[in-house]
Amino acid sequence: MIHASGLALQHQGGPRLSFPDLAVPQGHTLLLRGDSGSGKSTLLAMLAGLLAPSQGHLQVAGTDPWSLTPARRDAWRGRTLGLLPQRAWINPALSVWQHLALPAVCTGETPDTAAIDRLLQRLGLAAWAHQPARALSGGQVQRLALGRALVRQPQVVLADEPTASLDDRHTAQVLEQLRELGGRATVVIATHDARVIQALRGRPDTHVCTLPPAGGPA
Amino acid sequence: MNPRRLSVIRLVWAHLWSRPGVTALNGLLLTLGFAAITLVLLVSEQAEHQFRKDLAGVDLVVGAKGSPLQLILSGIYHLDSPTGNIPATAADQLRAHPLVAQVVPLALGDSAQGFRIVGTTPDYLQLHQARLAAGQWRAQALQAVIGADVARRTGWRVGQRFEGSHGLGGGGPTHGDHPFTVAGVLAPTGGVIDRLILTPVESVWQVHDVHHPPAPAGGQADDHDHAHHPSHDDDEKAAPQPPRELTMLLVRYRSPLAAALLPRWVNSQGPLQAASPAQESVRLLGLVGVGIQVLQGFGAVLLFVAALSVFVALSHAVRDRQPELAMMRLLGASPRRVSATVAAEALTLAAIGVLAGMLLGHGLTHLLGHLLDGQASLRLTGLWWSPLEAWLPLVGLGLGGLACLGPTWLAYRTSMLPALQGHH
């Protein structure tokens, strides 16, 4: 599902980041570990088609995002990827329900109301569906962001420090829901959260990739 | 907004109402700007329409020497005092002139309940294309036909008797011994005739036979100078009868040549003065036009300020909403779609401003018309539609478009990377 070889990024006037080769099958989870500045988020951005590698080959869900025109890349991102940023970036003007409808609206499609209702039930947010998203607690906001990433049943989920601001209980809950609700999606989690690593390491479908410190050997 | 539905339109609406104070302020500014423009359009058009309607096809006003504008204001619009009286024989002279098609005499000087009593002939009704809603025109003295506004405000009906009083503004001594009888009521015309009490010229002469000595013909009149026929009092019975007088004559030309020749001929006839309604109205509209231009300028400044405010508010909103816009991009929205939602905010606000402004402009015009209803001035209605109003939505879209250019470009260039990495 995800194949990368010889990926490198040369920042203008900055250090050159080189990344290990990746081969993550469909339905598997990849844990990206590394210190701050090692390039975890940069690699995620490359996988999401937001940052063009200076070198190397990349295939995500069978597509090299950098072979697409910008417009097609946007559409591909919306159709194929589920993105879970470090911060949820909720829209204070929208209700909880509308947040799950937003991905469809962004790509000019009609939201699947039944799927949204089902997902809200499974996220435990059904009672809050009509409330403004700003009324949710921190843990609920993170679950809402998870729902927004998964509502269109993406082939690949990219999560950047998804548990950074959560306590242990909510961390476990988000990880469980990510795996459970993600279905057959390939999940990439960039994290240095030991709780995440401990929870997922050792599973047969989990791969761990540790990035070397910036400037170090690849 | 239904929290279980979402579309681009609802998203735009939600964004607008996520900052109700700013949205309301910008909406108010736009509304006031468009209301001011609408008000000026409606008032100026109705004023001009009324000015032209009240001209009633009169080509020339002939009166006593004085200001031509005053002659027009008193003889056509019934707003000012007349310049004085002229001999009634002037009417016969003019009727005999080969370049004159019609002469309608006017004898002014009295009023009733604040409405001017105008001594004239039935031709005056024809000039104004007025028709009787009730009763008839009677040629006998002291029989009156009242305008629609007079009937509405006084409640007078056919057969009602009323007394006139000296002076055009009301409040003078009454002619209690010469009461008028309402013989007819005119249907509304929307013109000055609605505010007049019309009676045969002989009525005016008869009412003033008793009260007043003759004024020197052609002399400057005060506001209760009358056309008169001073042939009364026992002492005067033996004296030679002084000539009858009129206040002015409304003249229609027989041929366009008259416009060049007749005024000069009239002005050479001793006490007579000719005034062209067309020329004087242009002068009058020119004077009023300055005020209208000031109001139009004021409206334009308001609109400019509103557009600037929308621009500033949208720029701030786009900066504040960078993470939300970036999130939309991460969810697959193209730069064009994201910037379109920002542009749609400005255009929605402009559309609301245009609609609310036009409604408010019409409402204010109607209110102004209501306030002026009791005065002998402009008749305004908010139900008037100006063809120029069709341009206002386009002006609104143009302003909205200009105001959103910068913010839309900002939205178009929104970077997704900081949003993914949580750096906004």
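What you are looking at is a predicted structure, and each value in this text was computed from that prediction instead of being measured.

**Looking at the overall build of chain A**
Alright, step 1. Looking only at helices and strands, one finds seven helices and nine strands in chain A.
Alright, step 2. The C-alpha extent of chain A, read off along each of the three principal axes, is 50 × 40 × 35 Å.
Alright, step 3. Among the 218 residues that make up chain A, the fraction classed as buried is 55%.
Alright, step 4. Element-wise, carbon and sulfur atoms account for 48% of the exposed surface of chain A, whose accessible area totals about 9200 Å².
Alright, step 5. A gap of 2 Å separates the mean positions of the 20 positive and 15 negative side-chain charges of chain A.

**Here we look at the overall build of chain B**
Alright, step 1. When helices and strands are tallied, chain B shows 14 helices and 13 strands.
Alright, step 2. Within chain B, the proportion of its 424 residues that are buried is 53%.
Alright, step 3. Intrachain contacts of chain B at a sequence separation of at least 6 include 77% that bridge at least 24 residues.

**A word on the domain arrangement of chain B**
Residue and element names in this part refer to chain B.
Alright, step 1. As assigned here, chain B comprises domain 1 (3-51 + 288-423) and domain 2 (60-275).
Alright, step 2. Taken residue by residue, the interface counts seven residues in domain 1 and nine residues in domain 2.
Alright, step 3. Our enumeration of links across domain 1 and domain 2 arrives at two salt bridges.
Alright, step 4. The closest approach of N and O atoms between Asp 149 and Arg 379, which form a salt bridge, is 2.4 Å.
Alright, step 5. Across the domain 1-domain 2 interface, the total number found is two residue pairs in polar contact (both at pLDDT 80 or more).
Alright, step 6. The residue makeup of the side of domain 1 that touches domain 2, split by class, is two nonpolar, three polar and two charged.

**Considering the layout of surface pockets**
Residues and elements named next belong to chain A.
Alright, step 1. Volume-wise, the largest pocket comes out at about 460 Å³.
Alright, step 2. Taken together, 23 residues form the lining of the largest pocket, with Ala 115, Leu 150, Val 151, Arg 152 and Gln 153 sitting closest to its centre.
Alright, step 3. Of all the secondary structure elements, the ones that give two or more residues to the lining of the largest pocket are α3 (96-106), α4 (113-123) and α6 (168-181).
Alright, step 4. It is α4 that provides the largest number of residues to the lining of the largest pocket, a total of five residues.
Alright, step 5. Of the residues belonging to the lining of the largest pocket, the class tally is eleven nonpolar, five polar and seven charged.

**Overview of the pairing of strand β6 (residues 143-146) of chain B**
A regular strand places its side chains on the two faces of the sheet in alternate fashion.
All names here are of chain B.
Alright, step 1. Of the two faces of β6, the one lined by Gln 143 and Val 145 and the one lined by Ala 144 and Ile 146 are each fully buried.
Alright, step 2. Bridge count between β6 and strand β9 (residues 180-186): four bridges; the pairing is parallel. Looking at the pairing, Val 145 lines up with Gly 184 of β9.

**Thoughts on the confidence of the model for chain B**
All names here are of chain B.
Alright, step 1. Taken residue by residue, chain B gives an average pLDDT of 83. The fraction at 70 or more is 87%.
Alright, step 2. For residues 210-224, every residue scores under 50 in pLDDT, and the model assigns this stretch 42 contacts once sequence neighbours within four places are set aside.
Alright, step 3. Predicted confidence for residues 229-238 stays below pLDDT 50, and this span has 18 contacts to residues more than four positions away or in other chains.
Alright, step 4. Both scores are given for the predicted complex: the pTM is 0.71, the ipTM 0.85.

**Regarding the pattern of salt bridges**
Alright, step 1. One pass over the structure, following the stated rule, counts eleven salt bridges over all chains.
Alright, step 2. Across the pair A:Asp74 and A:Arg77 runs a salt bridge whose closest N-O atoms are separated by 2.9 Å. In this pair, A:Asp74 and A:Arg77 both sit in helix α2 (residues 70-80), three residues apart, roughly one turn of the helix. Of the two residues examined, A:Asp74 and A:Arg77, each falls in the buried class.
Alright, step 3. In this structure, A:Asp74 engages B:Arg329 in a salt bridge whose closest nitrogen and oxygen atoms are separated by 2.9 Å. Taken together, the positions of A:Asp74 in helix α2 and B:Arg329 in helix α11 (residues 322-330) put the pair across two chains. Both residues of the pair, A:Asp74 and B:Arg329, count as buried.
Alright, step 4. Put simply, B:Asp149, B:Arg152, B:Asp194 and B:Arg379 are held in one network by salt bridges that share partners.

**Quick look at the interface of chain B and chain A**
Alright, step 1. On the side of chain A, 37 residues touch chain B, which itself brings 32 residues to the contact.
Alright, step 2. Summing the contributions of chain B and of chain A, the shared interface buries around 2900 Å²; its carbon and sulfur component is 67%.
Alright, step 3. Applying the counting criterion to the chain B and chain A interface returns four residue pairs in polar contact (both at pLDDT 80 or more).
Alright, step 4. Those elements giving two or more residues to the side of chain B that touches chain A turn out to be α1 (8-17), α11, α12 (335-372) and α14 (417-421) of chain B.
Alright, step 5. The element that contributes the greatest number of residues to the side of chain B that touches chain A is α11(B), accounting for six residues.

**Some remarks on empty space enclosed by the protein**
Alright, step 1. Following the criterion strictly, the structure yields six cavities of 30 Å³ or more and no others.
Alright, step 2. Size it by volume and the largest cavity reaches roughly 80 Å³.
Alright, step 3. The wall of the largest cavity is formed by A:Arg77, A:Gly78, A:Leu81, A:Gly82, A:Leu83, A:Pro103, A:Arg148, A:Ala149, A:Arg152, A:Pro154, B:Leu330 and B:Leu331.
Alright, step 4. Those elements giving two or more residues to the lining of the largest cavity turn out to be α2, β6 (81-84) and α5 (138-150) of chain A.
Alright, step 5. Sorting elements by how many residues they give to the lining of the largest cavity places β6(A) first, with three residues.
Alright, step 6. Per-class residue counts for the lining of the largest cavity are seven nonpolar, two polar and three charged.
Alright, step 7. Considered as a void within the structure, the second largest cavity measures approximately 60 Å³ in volume.
Alright, step 8. When residues of the lining of the second largest cavity are traced back to their parent elements, those giving at least two are α2 (20-55), α10 (277-320) and α12 of chain B.

**Focus: the side chain of B:Thr247**
Alright, step 1. Looking at the secondary structure, you find B:Thr247 in the loop between β11 (245-246) and β12 (248-253).
Alright, step 2. At 2.7 Å, the side chain of B:Thr247 and the backbone nitrogen of B:Leu108 are in polar contact.

**Observations concerning a nonpolar patch on the surface**
Residues and elements named next belong to chain B.
Alright, step 1. On the surface, Leu 28, Leu 32, Leu 360, Leu 364, Leu 367, Leu 368 and Leu 371 cluster together into a nonpolar patch covering about 580 Å² of accessible area.
Alright, step 2. Looking at which element gives the most residues to the nonpolar patch, the answer is α12, with five residues.
Alright, step 3. Considering the arrangement of structural elements, one finds Leu 360 in helix α12.
Alright, step 4. Classification of Leu 360 as partly exposed rests on a relative accessible area of 33%.

**Here's the deal with the pairing of strand β7 (residues 156-160) of chain A**
Residues and elements named next belong to chain A.
Alright, step 1. Of all the five residues making up β7, five are buried; the element is thus mostly covered by neighbouring parts of the structure.
Alright, step 2. Burial along β7 is two-sided: Val 156, Leu 158 and Asp 160 and Val 157 and Ala 159, pointing in opposite directions, are all buried.
Alright, step 3. Of the pairings in the sheet, the one linking β6 to β7 comprises four bridges and is parallel in character. Considered in β7, the bridge of Leu 81 is made with Val 156.
Alright, step 4. As judged from the five bridges shared by β7 and strand β8 (residues 186-190), these two strands associate in the parallel manner. What sits directly across from Asp 160, in β8, is Ala 190.
Alright, step 5. Regarding topology, α6 serves as the crossover connection from β7 to the parallel β8, and that connection is right-handed.

Rules used throughout
- Residues numbered from 1 in each chain as written.
- Chains lettered and ligands numbered in written order.
- Predicted model: local features only at pLDDT ≥ 70, side-chain atom pairs only at ≥ 80, totals over all residues.
- Heavy atoms only, no water.
- Helix = DSSP H or I, 4+ residues; strand = E, 2+ residues; numbered from the N terminus.
- Buried < 20%, exposed > 50% of the residue type's maximum accessible area, 1.4 Å probe, protein only.
- Areas by Shrake-Rupley, 256 points an atom, 1.4 Å probe, with all protein chains shown as cover.
- Lys, Arg positive; Asp, Glu negative; His and termini not counted.
- Charge placed at Lys NZ, Arg CZ, Asp CG, Glu CD.
- Contact = heavy atoms within 4.5 Å.
- Domains from an automatic or database assignment.
- Salt bridge = Lys/Arg side-chain N within 4 Å of Asp/Glu carboxyl O.
- Polar contact = N/O pair within 3.5 Å; in protein donor to acceptor, adjacent residues only side chain to side chain.
- Nonpolar A, V, L, I, M, F, W, Y, C, P; charged D, E, K, R; others polar.
- 1 Å grid on protein atoms, 1.4 Å probe; cavity = no way out; pocket = protein on both sides within 12 Å on 5 of 7 lines; lining within 4 Å.
- Points joined across faces, edges and corners; volume = space filled by probe spheres on them.
- Pairing = 2+ DSSP bridges.
- pLDDT = per-residue confidence, 0-100.
- Buried area = accessible area lost by both parts, 1.4 Å probe.
- Patch = residues over 30% accessible without salt bridge, like charges linked within 9 Å, V, L, I, M, F, W, Y side chains within 5 Å.
- Right-handed = clockwise from strand over helix to strand, strands pointing away.

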